[in-house]
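Below are the chains, spelled out letter by letter.
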Amino acid sequence: MRTGTKTASQFDVQRIRADFPALAQTVHGYPLVYLDNAATSQKPRVVIDEMMRFYTQDCANVHRGVHLLSERSTAAYEGARETVRRFLNARSTREIVFTRGATEAVNLVAQTYGRANVGPGDEILITALEHHSNIVPWQMLAEEKQAVLRVAPVDDRGEVILEEFERLIGPRTKIVALAHVSNALGTINPAAEMVRIAHREGAVVLVDGAQAVPHMQADMRRLDCDFYVFSGHKTFGPTGIGVLYGKAALLEAMPPWQGGGDMIRSVTFEKTLYNDLPYKFEAGTPHIAGAIGLGAALDYMTAIGMDRIAEYEHELLEYGTEALLGVEGVRLIGTARKKAAVLSFVMEGVHPHDIATILDRRGIAIRAGHHCAQPIMERFGVPATSRVSLAFYNTRQEIDALVEGLGWVKEVFA
Ligand code: C6P
């Protein structure tokens, strides 16, 4: 094993790994080395057990029945909402809306707040490192409303140029949407500072926390953003569930998005009265088991401690950065001074997809491609990268296996 410059953290990673059944398998005869956590993370047993418990004991619809199962199901679903509130340090559960994921949450804001508040000639500002889910909904809105989509550029390290960001915000800027952490580069944006700048000009800010929540404390009162979104499945919870946090006053004033059950107070053919927050935005039977699983995942991370997770991952990222830089022909894409959990790279003479395919034959799972962030790939002049994305259950030994794997890749292409 290579020796890093820092001593190993006190973090008991082997004990944590034992909580994740999927990590114990072999792939193509090799122990699984799962380094594709930004795409989706593995699930601890508590999450699987909680969902199993729901389906085997408490399965009933929420907010509808008077029978015991429905009471239990409603209590568990609303309990999960309180867990999310606590995790995000939001002021009220009225500010926590369950969605299918980060993508749906951004679309919800674009289609409700956006359609009600953006008009011809108004501006929406995003950054150059956004995921497509935080680009396309705003493009669609801009097109519909004849508004202008502006993009704050990044420098060669992959950091948003703050002076440019500030310069691009003006009196016509209605919405600013930015990633807390970039999925393609790992850049941590100075989100609180960017929110302050945007607020000074009266813009409303949405922060895409899909790649932040699994790695660091996301504190709504400290960030002071107006909307925050994330996905359960990247946060050690199930697929198909996510969260929109919104300041209560904004959510209150927004029109609903989808119509149907649970989002109404009363319906006649003449007029429908909408339900209170957050139910106004939760039409139809929700993903009850998903919310419960997400609650269990957030509790699991809280029990480990978000600060300890961030510290351990930082050490691992430093170790991984040093290790990759030691591989001849490898160039890192994204070298921001503040980074989280992502190592995107290209290797001289080998296509990223070939790297990922060969590594897979050795049990090492990484992602290759544009990572649903084509504009930032273009900014760096590459069509694709190989991306290693870490979680708190990864180890230095796995980074060593990756480096060894890249040696095999080179042999194949020699
Ligand atoms: N990024 C990746 O491999 P959904 O699909 O709704 O759960 O998350 C969308 C999303 C939004 N914002 C950011 C910053 C993201 O990284 C993602 C998902 C995955 O990088 C899948 S493309």
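This one's a predicted model, so the numbers in the text were calculated from it and none came from an experiment.

### Notes on the pattern of salt bridges
- For the structure shown, the criterion picks out 27 salt bridges.
- As a salt-bridge pair, Arg86 and Glu82 come within 3.7 Å of each other at their nearest N and O atoms. Of this pair, Arg86 and Glu82 both sit in helix α3 (residues 68–88), 4 residues apart, roughly one helical turn.
- The network of salt bridges with common partners includes Glu50, Arg53, Asp58 and Arg72.

### Remarks on the pairing of strand β6 (residues 148–152)
- Here 5 bridges tie strand β5 (residues 123–127) to β6, and the two strands are oriented parallel to one another. Residue pairing across strands places Glu123 opposite Val148, the latter belonging to β6.
- With helix α5 (residues 136–145) bridging β5 and the parallel β6, this β-α-β connection has right-handed handedness.

### Some points on the environment of Phe236
- On the secondary structure map, Phe236 appears in the loop between β9 (227–231) and β10 (242–246).
- Taking the relative accessible area as the measure of exposure, Phe236 reaches 1% and is therefore buried.
- Put simply, Phe236 and Phe20 are 216 residues apart on the chain and 9.7 Å apart in space, counted from C-alpha to C-alpha.

### Section: the confidence of the model for the chain
- Averaged over every residue, the pLDDT of the chain is 96; residues scoring 70 or more account for 98%.
- This stretch, residues 1–8, has a pLDDT under 50; its non-local contacts, to residues over four places away or in other chains, come to 21 contacts.

### Some words on the site of the ligand
- Around the ligand, a shell composed of 16 residues is seen, among which Thr103, Asp208, Gln211, Ser231 and Arg367 lie nearest.
- Asp208 is positioned such that a nitrogen or oxygen atom in its side chain is 2.6 Å from a nitrogen atom of the ligand.
- In the environment of the ligand, an oxygen atom lies 2.5 Å from a nitrogen or oxygen atom belonging to the side chain of Arg367.
- A total of 510 Å² of accessible area belongs to the ligand in isolation, and the protein chains cover 87% of it.
- For the shell around the ligand, the class distribution of residues is 5 nonpolar, 7 polar and 4 charged.

### Observations concerning helix α4 (residues 102–117)
- Taking 1.5 Å of rise per residue, 16 residues should cover 22 Å, and α4 covers 21 Å from first to last C-alpha, within 8% of that figure.
- With 12 of 16 residues buried, α4 is to be regarded as a mostly interior element.
- Here α4 has its buried residues at Ala102, Glu104, Ala105, Val106, Asn107, Leu108, Val109, Ala110, Gln111, Thr112, Tyr113 and Gly114.

### Digging into the nonpolar core
- Counting 112 residues, the largest nonpolar core has Leu88, Phe165, Tyr228 and Phe392 as the members making the most contacts within it.
- Element by element, the count of residues in this core is highest for helix α10 (residues 288–304), at 11 residues.
- Ranked by size, the runner-up nonpolar core spans 30 residues in total, among them Val97, Ala105, Val109 and Ile124.

Calculation rules
Residues numbered from 1 in each chain as written. Predicted model: local features only at pLDDT ≥ 70, side-chain atom pairs only at ≥ 80, totals over all residues. Heavy atoms only, no water. Salt bridge = Lys/Arg side-chain N within 4 Å of Asp/Glu carboxyl O. Helix = DSSP H or I, 4+ residues; strand = E, 2+ residues; numbered from the N terminus. Pairing = 2+ DSSP bridges. Right-handed = clockwise from strand over helix to strand, strands pointing away. Buried < 20%, exposed > 50% of the residue type's maximum accessible area, 1.4 Å probe, protein only. pLDDT = per-residue confidence, 0-100. Contact = heavy atoms within 4.5 Å. Near = heavy atom within 4 Å. Polar contact = N/O pair within 3.5 Å; in protein donor to acceptor, adjacent residues only side chain to side chain. Areas by Shrake-Rupley, 256 points an atom, 1.4 Å probe, with all protein chains shown as cover. Nonpolar A, V, L, I, M, F, W, Y, C, P; charged D, E, K, R; others polar. Expected span 1.5 Å × (residues − 1). Core = buried A, V, L, I, M, F, W, Y, C linked by side-chain atoms within 4.5 Å.

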